[in-house]
Amino acid sequence: MLVTFEGIEAAGKSTLIEALAQDLGTRGEPVLVTREPGGTPLGDALRAIFLDPSRRVDPMAEVMLLNASRAQLVADVIAPALRTRTTVLCDRFFDASVAYQSFGRGLDVESVLEVCLVATQRIAPDLTFLIDIPVALSRERVRARGGADRLERENGQFHEQVRTGYLALAERFAKRYVVLDGTLPREALAAAAREHIEQRRNAALP
Ligand SMILES: Nc1ncnc2c1ncn2[C@@H]1O[C@H](COP(=O)(O)OP(=O)(O)O)[C@@H](O)[C@H]1O
Ligand SMILES: [Mg+2]
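First, a word on what this report is: a plain description of the structure on this page. (Residues numbered from 1 in each chain as written. Chains lettered and ligands numbered in written order. Predicted model: local features only at pLDDT ≥ 70, side-chain atom pairs only at ≥ 80, totals over all residues. Heavy atoms only, no water.)

### Focus: the environment of Ala 204
This is how it is decided: By the criteria applied, helices consist of DSSP H or I runs no shorter than four residues and strands consist of E runs no shorter than two, each listed in order from the N terminus.
Relative to the elements of secondary structure, Ala 204 occurs in helix α8 (residues 186-204). As a C-alpha pair, Ala 204 and Asp 126 span 78 residues in sequence and 9.6 Å in three-dimensional space.

### Description of the site of ligand 1
The cut-off we apply is this: Residues are classed as near a molecule or strand on a simple rule: at least one heavy atom within 4 Å of it. Whenever two N or O atoms come within 3.5 Å, that pair is a polar contact, provided that in protein one can donate a hydrogen and the other can accept it, and provided that, for residues adjacent in sequence, both atoms are side-chain atoms. Using protein atoms alone on a 1 Å grid, points that fit a 1.4 Å probe yet trap it form a cavity, whereas open point sets bounded by protein on both sides within 12 Å along at least five of seven lines form a pocket; residues with an atom within 4 Å of a point count as lining. Any molecule with more than half of its atoms within 2 Å of a cavity's or pocket's grid points is regarded as sitting in that cavity or pocket. Asp, Glu, Lys and Arg are counted as charged, while Ala, Val, Leu, Ile, Met, Phe, Trp, Tyr, Cys and Pro are counted as nonpolar; the rest, among them Gly, fall into the polar class.
Lining the immediate environment of ligand 1, one finds 13 residues, of which Ala 10, Lys 13, Ser 14, Thr 15 and Leu 184 sit closest. Between Lys 13 and ligand 1, the recorded distance is 2.7 Å, taken from a side-chain N or O atom to an oxygen atom. In this structure, Leu 184 approaches ligand 1 through a main-chain N or O atom, which is 2.8 Å from a nitrogen atom. Among the cavities detected, the one that contains ligand 1 is the largest pocket. Looking at the shell around ligand 1, the elements that each hand over two or more residues are α1 (13-26), α6 (135-145) and α8. Ranked by residue count, the leading element in the shell around ligand 1 is α1, at three residues. Taken together, the residues of the shell around ligand 1 sort by class into five nonpolar, four polar and four charged.

### Description of the nonpolar core
Formally: Buried residues of nine kinds, namely Ala, Val, Leu, Ile, Met, Phe, Trp, Tyr and Cys, make up a nonpolar core once their side-chain atoms join them within 4.5 Å. Remark: exposure states derive from per-residue accessible area (1.4 Å probe, protein chains only) relative to the maximum for the residue type, with buried under 20%, exposed over 50%, and partly exposed in between. Here, residues are in contact when the closest pair of their heavy atoms is within 4.5 Å.
Formed by 58 residues in total, the largest nonpolar core has its most connected members in Phe 5, Leu 16, Ile 78, Leu 89, Tyr 100, Phe 129 and Tyr 166. In terms of residues, this core owes the most to one element, helix α3 (residues 59-83), which gives nine residues. Setting aside residues up to four positions removed in sequence, Phe 129 forms contacts with Val 3, Thr 4, Phe 5, Glu 6, Val 178, Leu 180, Ala 193, His 196 and Ile 197.

Next comes the structure, spelled out in structure tokens:
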């Protein structure tokens, strides 16, 4: 089962994934944690290029860079893991391309979605958690973390558009999306997510 985690910067994606991975691991269930862009040696190299604040990257070039990383990740990591019935927890997946490059930068939604599906061999998430937080809180958490990357340096308007984009995706793909209120305490978020994964897994059993 492929579970993806989406949301604007510092929404709490990594924090939630860590809690869930620990939980599944403790119960002896096969679990694999990965992230985008990255997750493979090629992907990590592309990630460094992608997030470098000194670089100017055209929006369509962003889509292609991300999908190059994604194609490698699906081929080498995600598809093999899914074949062995491992629960894959992926920190961002192709919805991020639509939220950032379409809603944030203005590229056509359907074209970006299609490029993404080609890159993933049409593998889509079984379950997607959107951790939703206000942009002001995101800014505050990024500042506290220190050192903003290329996307974190974008203005508030950009991040509002990305947040709106994610919420639109959650409506469009309501069957696989669960929206979590990221202002809740970590434990509450982990408990809610755990329950949804459990439900989804039981529903998928033969
Ligand atoms: N539910 C939460 N409540 C308060 N702070 C949180 C919560 N989840 C995460 N944080 C904090 O917010 C910051 C960003 O979290 P992180 O998981 O790294 O976000 P992301 O991976 O989405 O960028 C970290 O300092 C983390 O400790
Ligand atoms: Mg993170």
